[in-house]
Amino acid sequence: MTRIHLSPSGLDLNYRWMTAASRLICRVVMGDLLDVTGTEKVPPRGGLLVVSNHVGTTDPPITGAYLPRRDLYFMAKSDYFHHPVSRFFIIGYHAFPVARGTADRAALRQAVGLMRQGHAVLVYPEGHRSPDGVLQRPHPGAGFLARAAGVPILPVGIWGTERALPIGSIWPRRAPVHLRFGRAVPLPAEDPDGPRRTNQQISDLLMQRIAEVLPASRRGIFGGTTDYRAVPPAAA
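Once a new chain begins, its residue numbering starts again from 1 and follows that chain's sequence as written. Under the rules for a predicted model, residues below a pLDDT of 70 receive no local features and side-chain atom pairs below 80 are neither given nor counted, while totals for whole chains, interfaces and linings still include all residues. Only hydrogens and water are set aside when side-chain values are computed; all heavy atoms of the structure are taken into account.

## Digging into helix α4 (residues 105-116)
Numbering of helices and strands starts at the N terminus; helices are DSSP runs of H or I of at least 4 residues and strands are runs of E of at least 2. The span expected for a helix works out to 1.5 Å for each residue beyond the first. Between its first and last C-alpha, α4 extends 16 Å over twelve residues, near the 16 Å set by a 1.5 Å rise per residue. Inspection of α4 places Ala 107, Leu 108, Gln 110, Ala 111, Val 112, Leu 114 and Met 115 among the buried residues, and these make up the whole buried set. What makes two residues a contact is simply this: any of their non-hydrogen atoms within 4.5 Å. Elements in contact with the buried residues of α4: β2 (48-52), β3 (72-77), β4 (95-98), β5 (120-123) and α5 (141-149). Partly exposed residues are those whose accessible area sits between 20% and 50% of the maximum for their type, while under 20% is buried and over 50% is exposed, using a 1.4 Å probe and protein chains only.

## Looking at the side chain of Arg 218
By secondary structure assignment, the location of Arg 218 is in the segment after α7 (199-212). Within polar-contact distance, the side chain of Arg 218 engages the side chain of Glu 162 at 2.7 Å. When residues no more than four places from it in sequence are discounted, the contact partners of Arg 218 are Val 55, Gly 133, Val 134, Leu 135, Trp 159, Gly 160, Glu 162 and Arg 163. Contacts described as polar in this section are N or O atom pairs within 3.5 Å, which, within protein, must combine one atom able to donate a hydrogen with one able to accept it, while residues neighboring in sequence count only if both atoms come from side chains.

## Points about unusual backbone geometry
The backbone phi angle of His 94 is positive, close to 65°, even though this residue is not glycine. Its place among the elements puts His 94 in the loop between α3 (84-92) and β4.

## Some thoughts on the environment of Leu 206
If you trace the backbone, Leu 206 turns up in helix α7. Judged by relative accessible area, Leu 206 falls into the buried class, the value being 1%. Separated by 52 residues in sequence, Leu 206 and Leu 154 have C-alpha atoms that sit 9.2 Å apart.

## What about a nonpolar patch on the surface?
Where nonpolar side chains cluster on the molecular surface, the patch consists of Trp 17, Val 85, Phe 88 and Phe 89 and spans about 460 Å² of accessible area. Here the element with the most residues in the nonpolar patch is α3; it accounts for three residues. Candidates for patches are residues over 30% relative accessible area with no salt bridge; among them, like charges are joined within 9 Å and nonpolar side chains (Val, Leu, Ile, Met, Phe, Trp, Tyr) within 5 Å. Per-residue and other accessible areas follow the Shrake-Rupley method at a 1.4 Å probe size, with only the shown protein chains counted as cover for residues. Salt bridges are identified by distance alone: a Lys or Arg side-chain nitrogen within 4 Å of an Asp or Glu carboxyl oxygen.

## Description of the packing of α5 against α7
Fitted lines through C-alpha atoms serve as axes, helices being fitted only where they are in contact, and the angles separating the N-to-C directions of these axes extend from 0 to 180 degrees. At a closest axis distance of 7 Å, the pairing of α5 and α7 adopts a crossing angle of 95°. On the basis of their axis angle, the class for α5 and α7 is roughly perpendicular. Contacts between α5 and α7 involve Gly 141, Ala 142, Gly 143, Phe 144, Ala 146 and Arg 147 from the first element and Asn 199, Ile 202, Ser 203 and Leu 206 from the second. Amino acids are sorted into nonpolar (Ala, Val, Leu, Ile, Met, Phe, Trp, Tyr, Cys and Pro), charged (Asp, Glu, Lys and Arg) and polar (every other residue, Gly among them). Looking at the contact of α5 with α7 residue by residue, the class counts come to five nonpolar, four polar and one charged. Note that the term roughly parallel is reserved for angles under 35 degrees, roughly antiparallel for angles over 145, roughly perpendicular for angles of 65 to 115, and oblique for everything else.

## As for the sheet that holds strand β7 (residues 177-181)
Only strands that DSSP links by at least two bridges are regarded as paired with each other. Judged by pairing direction, the sheet is mixed, and its seven strands sit side by side in the order β1-β7-β6-β2-β5-β3-β4 without closing on themselves. Two strands close off the open sheet at either side, each with one partner strand: β1 (34-37) and β4. Averaged over all pairs of adjacent strands, the angle between their axes in this sheet comes to 20°, without regard to strand direction. Inspection of the sheet shows β3 paired to β5 by three bridges, in the parallel sense. Residue pairing for β5: Leu 72 is matched across the bridge by Ala 120.

In short, shape yes, function no, at least from these values alone.
Shown next as structure tokens:
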């Protein structure tokens, strides 16, 4: 698969234009139905792994529009890059392709490299939109990124976008949408006397951080009443 070349300068005018357009569309369509909180918790600079739940098609553009940094990059499934029109817009929105369901080492190296250069990368540990709007068991890839990059982790919770643009719809509709940024913290240190955490265990830890910024009704298996370790990740 052809790798997309990114120029992570933080001054990309296409990205600034597209995020501004996303904010305008949100104001026109949703108005005061869009609730964004916690932007003051986002580190203004430095490497950052942004991890979020995923419930709707518009999650990436809305999150990118309101996260107060212009050097945010996205991992997106490679299918989106096949059509020239969608390719133009998705690259302009700082996305780069990942082959879902595989150990796409090139995409992982690109993500780690961006974070080590001091930029922010957004990933969805679940690997897909939740079919019922609540948290699913994540895949281990996000855990690998968190370990390899060694940067703070910023949890993000978003909900309501599954109603703002339902599956099969072309035009967005007015619906309450909530976007909540948590506090960025480093991964907890390993226990020097215990076994090394697996990538899956780290991914599960990231989902627990996301659960903390979601309402209880959205936490799913990470709500404390289920042993999430017994639930396998869904197919990507």
